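# Results of the structural survey
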Amino acid sequence: MRKPLLPLETALAQLLASLEGHQLGTQWVATMQADGRVLAQDVSSQLQVPPQDNSSMDGYAIKVADLAASNGIFPVSQRIPAGTNPQALLPGTAARIFTGAPIPFGADAVIMQEDCAELPVSNPQDTLLRIQVNHTPSIGQWIRHSGEDVSKGELVLTAGQRLGPAELGMAASIGLAQLRVVCKPRVALFSTGDELVMPGDIDPQAMPAGAIYNSNRFFLNSLLQRLGCEVTDFGIIPDQREATVEALRLAADSNDLVLTSGGVSVGEEDHVKPAVQSLGQLDLWQIAIKPGKPFAHGRIGACHFIGLPGNPVSSFVTFLVLVRPFLQRMQGVHQAPLQSTAMRADFDWPRPDKRQEFLRVRRNAHGGLDLFPNQSSGVLSSVVWGEGLVDNPAGQSIRHGDQVPFVAFNDLYG
Ligand code: AMP
Ligand code: MG
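Quick caveat: nothing in here was measured; it's all calculated off a predicted structure. (Residues numbered from 1 in each chain as written. Chains lettered and ligands numbered in written order. Predicted model: local features only at pLDDT ≥ 70, side-chain atom pairs only at ≥ 80, totals over all residues. Heavy atoms only, no water.)

Attention now moves to the domain arrangement of the chain. Taken domain by domain, the chain consists of domain 1 (8-24 + 184-330), domain 2 (26-49 + 148-182), domain 3 (54-144) and domain 4 (341-411). Here the C-alpha centre of domain 4 lies 26 Å away from the C-alpha centre of domain 1. Tallying the contact residues gives 18 residues for domain 1 and 16 residues for domain 4. For the pair domain 1 and domain 4, the summed buried surface comes to about 1,300 Å²; carbon and sulfur atoms form 68% of the total. (Domains from an automatic or database assignment. Contact = heavy atoms within 4.5 Å. Buried area = accessible area lost by both parts, 1.4 Å probe.)

Written out as structure tokens, the structure is:
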């Protein structure tokens, strides 16, 4: 009897459980070089941001209570450009102030310069410029308060956070030139199949019969890079037992994961499975998803092994739903389970599969989803045309107008 196919959820849980105890090292990197890396430790601020109360406008700082006795006229007693340390405000005066400059002690509002007028010098004995204030400010107006962004001691970034533009800006704003990050997972990438040709090796018009270009290698490399991996591309392994064993053994020595595509079905030209079994252990899973049934996980020594299906769309989809969460977990990234959005199907899917399906779709101008007409597992056009996947439960038919769970490719690429 054939073994029943494993539900995706079960396979994913087993895959993640296999990472128990697998720790990547950590390293310091310059904050400027840390884009896309995963933070290895919590980060708290050792100072207030902003460090002092400061002006958010070019204008004049005053004490609001001085306005009553002033007739709206203030002598300007000091000038405070950004980056200077002001004196306390002389009572009854205003301080010329610029955006980002510290508020002088005693002032409690800034009046923007558009709401003031410089008065002509009437008395030659006057040494100070005077301004007429044409506006009654409220206390605190145009003042950015110390610590309103970050207070001293506050936790600003947490271990397991992937660093992007916003996080790097934050790290810099609290003075960190270096960050402790998780080492990149080292991934050895293999393609298998004697039919494969690398683009550039043979011109399209000279392709021999039976040959196809190796497309998996390109999208898998791209997906791995986006997930922060250090990829070593081992090229194409020929469909031979000895060559496969040798290549895998070599790669497993110096990598955290060996990732192959193709050769994990059950045909006699599928050499990956016996090769891994001879070097370590292998769990071959037939997963109840479409596309993407054949999928293998195992170990070669301390190195993990994952075998993806050869069909390009199967390879693509199994990477997104299984390898991506695996690599995120390996790096200690906090992650929510696959997030989908309910969207309206503007298509019919009357004959669903018994397996959970991932249909390639794209959003249309009417707020619904269109289906790519050819959902075959070899048709990469469906992925290029599509913007994402409908995660369709096993046996679920879809009628025009139904709400279906949509996951965007863009949300799965990092
Ligand atoms: P396999 O799992 O090795 O039986 O491969 C299944 C199908 O995927 C076959 O049609 C292969 O030619 C195709 N295939 C396998 N590897 C690749 C690859 N790297 N790029 C494009 N197609 C591939
Ligand atoms: Mg093959």
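The rest of the description comes next.
Further remarks concern the pattern of salt bridges. According to the stated counting rule, one finds 7 salt bridges in the structure shown. Note that Arg249 is salt-bridged to Glu246, the shortest N-O span being 2.7 Å. With Arg249 and Glu246 both in helix H4 (residues 241-253) and 3 residues apart, this pair spans about one turn of that helix. Arg355 is the partner of Asp353 in a salt bridge, and the nearest nitrogen-oxygen pair spans 3.3 Å. When sorted by exposure, Asp353 lands in the same class as Arg355, which is buried. Within the structure, one salt-bridge network assembled from shared partners comprises Lys290, Asp353 and Arg355. (Salt bridge = Lys/Arg side-chain N within 4 Å of Asp/Glu carboxyl O. Helix = DSSP H or I, 4+ residues; strand = E, 2+ residues; numbered from the N terminus. Buried < 20%, exposed > 50% of the residue type's maximum accessible area, 1.4 Å probe, protein only.)

This brings us to the packing of aromatic side chains. Per the counting criterion, the structure on display carries 7 aromatic pairs. Judged by centre distance (5.3 Å) and plane angle (55 degrees), the ring pair of Phe372 and Trp385 falls under tilted. Placement of Phe372 in the loop between strand E24 (368-371) and helix H7 (381-385) and of Trp385 in helix H7 is noted, with a sequence separation of 13 residues between them. On the basis of relative accessible area, Phe372 is assigned to the buried category, the value being 13%. Each member of the aromatic cluster is reached from another via a ring pair, and the members are Phe219, Phe316, Phe409 and Tyr413. The side chain of Arg96 reaches across the aromatic face of Tyr60, ending 5.0 Å from its centre. (Phe/Tyr/Trp six-rings, centres within 6.5 Å; stacked < 30°, edge-to-face > 60°. Lys NZ or Arg CZ within 6 Å of the ring centre and 35° of its normal.)

Turning to the nonpolar core, a few remarks are in order. The biggest cluster of nonpolar side chains holds 44 residues, and the ones touching the most others in it are Leu224, Leu259, Phe295, Ile306, Phe319, Leu320 and Leu327. Residue assignment for this core shows that the elements contributing at least two residues are helix H1 (8-17), strand E13 (186-192), helix H3 (216-226), strand E17 (257-261), strand E21 (303-308) and helix H6 (312-330). At 11 residues, H6 tops the list of elements feeding residues into this core. Two domains each donate at least three residues to this core, and these are domain 1 (8-24 + 184-330) and domain 4 (341-411). Sequence-distant contacts of Leu320, defined by excluding residues within four places in its chain, comprise Leu223, Pro325, Leu389, Phe409, Leu412 and Tyr413. Judged by nonpolar contacts, the second largest core, of 19 residues, contains Phe190, Ile237, Leu248 and Val272. (Core = buried A, V, L, I, M, F, W, Y, C linked by side-chain atoms within 4.5 Å.)

A separate point is the sheet that holds strand E16 (residues 230-237). As summarised here, the arrangement of the 6 strands in space is E16-E13-E17-E21-E20-E18, forming an open sheet in which the pairing is mixed. Only two strands of the sheet have a single partner each, and these edge strands are E16 and strand E18 (281-286). Direction aside, the axes of adjacent strands within the sheet are offset by 15 degrees on average. Of the strands in this sheet, E13, E17, strand E20 (294-300) and E21 are in contact with H6, which crosses E21 at around 165 degrees. (Pairing = 2+ DSSP bridges. Axes fitted to C-alpha atoms, helices over the stretch in contact; angles between N-to-C directions.)

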